[in-house]
Amino acid sequence: AASMELPPSQYPAARAAALATGYLCYRRGGPGLGLALRHVRRARRQDIDDVGHKYHLELVLEDVLDKDSTVNCTAEVLYHLGNKHIAPDVQFTIEGELKNTDEADNTFYNRIKSLDKELVAENIPDSHGNVSPEMEPIHLLAWVASGYVIWQNSTENTKFQLACIKHVKQVKRSDEYLEFDYTILLHEMVSQEIIPWQMTVLWHPQHGVQVTQDSRQLKPTWE
Amino acid sequence: QKVFRVIPQNDEQVEIINSLASNIQVDFWQPDSVTLVRPNMQVDFRVEAEESFEVEDLLKESGMEYRVLIDNLQAALNAQFDSKARTSRHSYEKYNNWETIAAWTADIAAQNPDLVSRSVIGETHEGRPMYLLKMGKSGPNKKAIFMDCGFHAREWISPAFCQWFVKEAVETYGKDTVMTTLLNNLDFYVLPVVNIDGYVYTWTKNRMWRKTRSKNASSLCIGTDPNRNFNAGWCTLGASKNPCDPTYCGSAPESEKETKALADFIREHLSTIKAYLTIHSYSQLLLFPYSYTYKLPSNSEELNSIAHAASKQLASLYNTKYTYGPGATTIYPAAGGSDDWAYDQGIKYSFTFELRDTGRHGFILPESQIKPTCEETLLAVKYIANYVLEHLY
């Protein structure tokens with residue numbers, strides 16, 4: 001299958017990189033660790049007959065809470081030919097260790113578990129970009145969980161980013177998991193659309209982040 | 001409570017004021033006390049509501065010149081506190097709403113008459129004046145650089161940069177050699193917010209709005225994408241014919257009052273405008289033509305090396321990495337852009353900036369990043385301006 005080198009910062013590589021980063025962040029992130037794409041070091045595209053387009057990427061990611069902390073990784077993104085409803089396949093390898101967030105995770109976990117009333121919040125960040133320190137883990141959890149939605153819904157013609165959290169509501173559970181019902185806004189760069197999306201997010205310090213349910217929301221067309 | 005303004009003409013009328021003050025509670029706003037009242041002086045004082053009728057009768061009887069300055073003090077005070085917009089202070093390190101920016105354009109021009117003058121180039125769909133600032137030391141036969149911000153309503157960092165640029169120009173003129181040379185030899189036309197209606201809408205109704213706020217015939221959907229509305233391969237690639245879409249190209253090129261005003265101004269000053277800069281966010285890109293075609297402009301190598309050097313300058317401050325290149329291959333093909341249009345008009349140096357960040361905050365860039373973003377971008381803009389000055393045509 002033919003393979004060609006791509007300019008790493010032009011849009012075909014950039015889109016695949018955004019998708020890979022979202023997936024990776026979902027698999028490895030949490031309320032104490034979010035990862036974002038710093039830049040693409042190298043990109044190659046392989047057109048596989050009857051299968052699809054496979055991107056080979058060398059990425060540099062940064063810790064969103066500590067910009068100076070970066071990590072290298074390699075990723076492969078396979079966009080399937082034809083059926084656009086199948087999520088792309090993503091594989092990745094991270095060089096080295098990601099930071100340990102046990103302490104922050106446990107603090108957050110215990111804080112939420114001990115709330116009398118379920119947590120409810122809106123508009124994170126606010127219009128001016130402010131996020132209160134107490135809401136930072138909630139914000140980060142959405143960032144990580146949105147990686148799942150981005151992964152599931154991306155094609156070579158889309159580039160999604162989390163724009164903001166419109167609404168978040170904690171759902172009390174009898175088991176050890178924390179559950180949050182989020183309505184987020186995703187920004188899709190190519191169409192410039194802002195898309196409301198609902199997602200149910202489960203999290204536990206030892207079990208990571210899971211999106212158990214998600215659905216694209218309708219918004220008034222004249223908005 | 002009412003506030004009266006009286007002008008006693010003579011000692012007799014001063015005496016009337018004196019006796020008034022000794023009979024009822026009178027709170028003097030000017031002068032500070034009744035003992036300072038003199039003939040032909042403007043005297044302002046407050047009285048309780050119950051006394052105000054008596055006072056007015058007295059003043060009428062006396063024949064003294066008077067008027068009611070404030071009819072209802074409480075209401076006036078309430079209005080002042082309620083009107084958040086009107087009483088907001090301008091800050092270069094915060095996002096300012098439109099009223100604050102509009103007032104600032106007047107103030108900055110008034111405070112720096114040798115360097116800044118303000119004009120109106122047109123009106124928005126909702127009737128707001130489009131203010132333009134002309135910066136530079138006046139001189140004969142000066143060439144100019146045109147820079148605009150706020151095409152897309154939700155890109156708040158963009159108008160913040162235009163304001164920062166103006167501030168830097170007036171504050172460092174005479175102190176910074178590059179800026180001084182630039183302002184002595186070039187004029188800068190700075191349009192701080194192109195899409196004012198949209199910007200206001202992001203402050204009042206929907207933070208994520210992008211387009212203008214014009215009505216579309218036969219659709220409930222509002223607005224046109226101003227950066228798809230120029231006559232440059234209009235509506236062929238990367239733009240939508242659906243008024244409900246964020247990249248709607250409009251009913252025709254320059255269908256929007258805002259884009260028409262901008263285009264008219266540039267056409268009228270074409271012989272002097274030698275560079276065009278348009279500021280957007282986000283993605284950290286420095287783009288040059290074309291976006292409406294994959295074809296490259298005739299001086300693409302020159303534009304590429306300018307963009308390369310400007311990006312390096314930008315990165316030198318905080319290591320912020322920018323990607324540069326022709327629009328169509330770098331970000332996406334998109335027709336109807338103002339940069340392509342300006343270039344095709346003959347303005348050889350035409351650039352689009354997409355400022356911070358790369359998606360972590362996107363359009364909602366925290367205010368703490370306004371200063372560093374503006375500082376680094378200024379380096380790139382000064383580089384380009386200096387290059388243009390050294391390569392005038």
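Bear in mind that the values here come from a model prediction, so they are computed numbers and not experimental data.

(A) Quick peek at the sheet that holds strand β2 (residues 27-30) of chain B. Residues and elements named next belong to chain B. A sheet is described by the order of its strands in space; here four strands give the open sequence β2-β3-β1-β4, paired in antiparallel fashion. Two strands close off the open sheet at either side, each with one partner strand: β2 and β4 (65-70). On average, each strand axis in the sheet is tilted by 30° relative to the strand beside it, whichever way the strands run. Of the strand pairs in this sheet, strand β1 (residues 2-7) and strand β3 (residues 43-47) are connected by five bridges, and their pairing is antiparallel. Residue pairing in the sheet places K2 in a bridge with V47 of β3. Strands β1, β3 and β4 of the sheet are contacted by helix α2 (residues 49-62), whose axis makes an angle of about 20° with β1.

(B) Summary view of the side chain of T172 of chain B. Following the sequence through the fold, T172 of chain B ends up in helix α6 (residues 157-172). If near-sequence neighbours (up to four positions away) are discounted, T172 of chain B is found in contact with M179 and T180 of chain B.

(C) Layout of the domain arrangement of chain A. All names here are of chain A. The assigned domain composition of chain A is domain 1 (3-94) and domain 2 (101-216). The straight-line distance from the C-alpha centre of domain 1 to that of domain 2 is 21 Å. Taken together, the contact between domain 1 and domain 2 spans 27 residues of the former and 26 residues of the latter. Summed over both partners, the interface of domain 1 with domain 2 comes to about 2,200 Å²; 68% of that surface belongs to carbon and sulfur atoms. Of all residues in domain 1, R15, Y26 and P31 bury the most surface against domain 2, accounting for 37% of the area lost on that side. For the interface between domain 1 and domain 2, the tally reads six residue pairs in polar contact (both at pLDDT 80 or more). When contributions to the side of domain 1 that touches domain 2 are tallied by element, the ones reaching two or more residues are α1 (11-28), β2 (35-48) and β3 (52-63).

(D) Structural view of the packing of aromatic side chains. Summed over all chains, the structure comprises 31 aromatic pairs over all chains. When the ring of Y95 of chain B is compared with that of W156 of chain B, the centres are 5.5 Å apart and the planes differ by 65°; the resulting orientation is edge-to-face. One end of the pair, Y95 of chain B, is in the loop between α4 (84-87) and α5 (98-111); the other, W156 of chain B, is in the loop between β7 (143-149) and α6, and 61 residues separate them in sequence. Y95 of chain B sits in the buried class, given a relative accessible area of 5%. Ring centres 5.4 Å apart and planes at 70° place the aromatic pair Y201 of chain B and W209 of chain B in the edge-to-face group. Owing to a relative accessible area of 14%, Y201 of chain B belongs among the buried residues under this scheme. Overall, W209 of chain B belongs to the buried group, its relative accessible area being 4%. The structure contains a cluster of three or more aromatic residues connected by ring pairs, namely Y23, Y26, F92, Y148 and W151 of chain A. If you follow R207 of chain B out to its NZ or CZ, it ends over the ring of W156 of chain B, 3.7 Å from the centre.

(E) Quick look at the UniProt feature "domain: Peptidase M14" (unreviewed entry) in chain B. Following the UniProt record, the feature "domain: Peptidase M14" (unreviewed entry) maps to residues 94-388 of chain B here. Secondary structure content for residues 94-388 of chain B is 37% helix and 18% strand, and the end C-alpha separation is 31 Å.

(F) A look at α1 of chain A. End to end, α1 of chain A covers 25 Å across 18 residues, agreeing with the expected 26 Å (1.5 Å per residue, within 8%). With 15 of 18 residues buried, α1 of chain A is to be regarded as a mostly interior element.

(G) Fine view of the environment of S281 of chain B. Residue and element names in this part refer to chain B. Relative to the helices and strands, S281 is located in strand β9 (residues 273-281). Separated by 215 residues in the primary sequence, S281 and Y66 have C-alpha atoms spaced 56 Å apart. Not counting residues up to four positions away in its chain, the partners in contact with S281 are E155, I157, E354, L355, R356 and F363.

Parameters at a glance
Residues numbered from 1 in each chain as written. Chains lettered and ligands numbered in written order. Predicted model: local features only at pLDDT ≥ 70, side-chain atom pairs only at ≥ 80, totals over all residues. Heavy atoms only, no water. Pairing = 2+ DSSP bridges. Helix = DSSP H or I, 4+ residues; strand = E, 2+ residues; numbered from the N terminus. Axes fitted to C-alpha atoms, helices over the stretch in contact; angles between N-to-C directions. Contact = heavy atoms within 4.5 Å. Domains from an automatic or database assignment. Buried area = accessible area lost by both parts, 1.4 Å probe. Polar contact = N/O pair within 3.5 Å; in protein donor to acceptor, adjacent residues only side chain to side chain. Phe/Tyr/Trp six-rings, centres within 6.5 Å; stacked < 30°, edge-to-face > 60°. Buried < 20%, exposed > 50% of the residue type's maximum accessible area, 1.4 Å probe, protein only. Lys NZ or Arg CZ within 6 Å of the ring centre and 35° of its normal. UniProt positions renumbered as here; feature names shortened; annotations may be inferred. Expected span 1.5 Å × (residues − 1).

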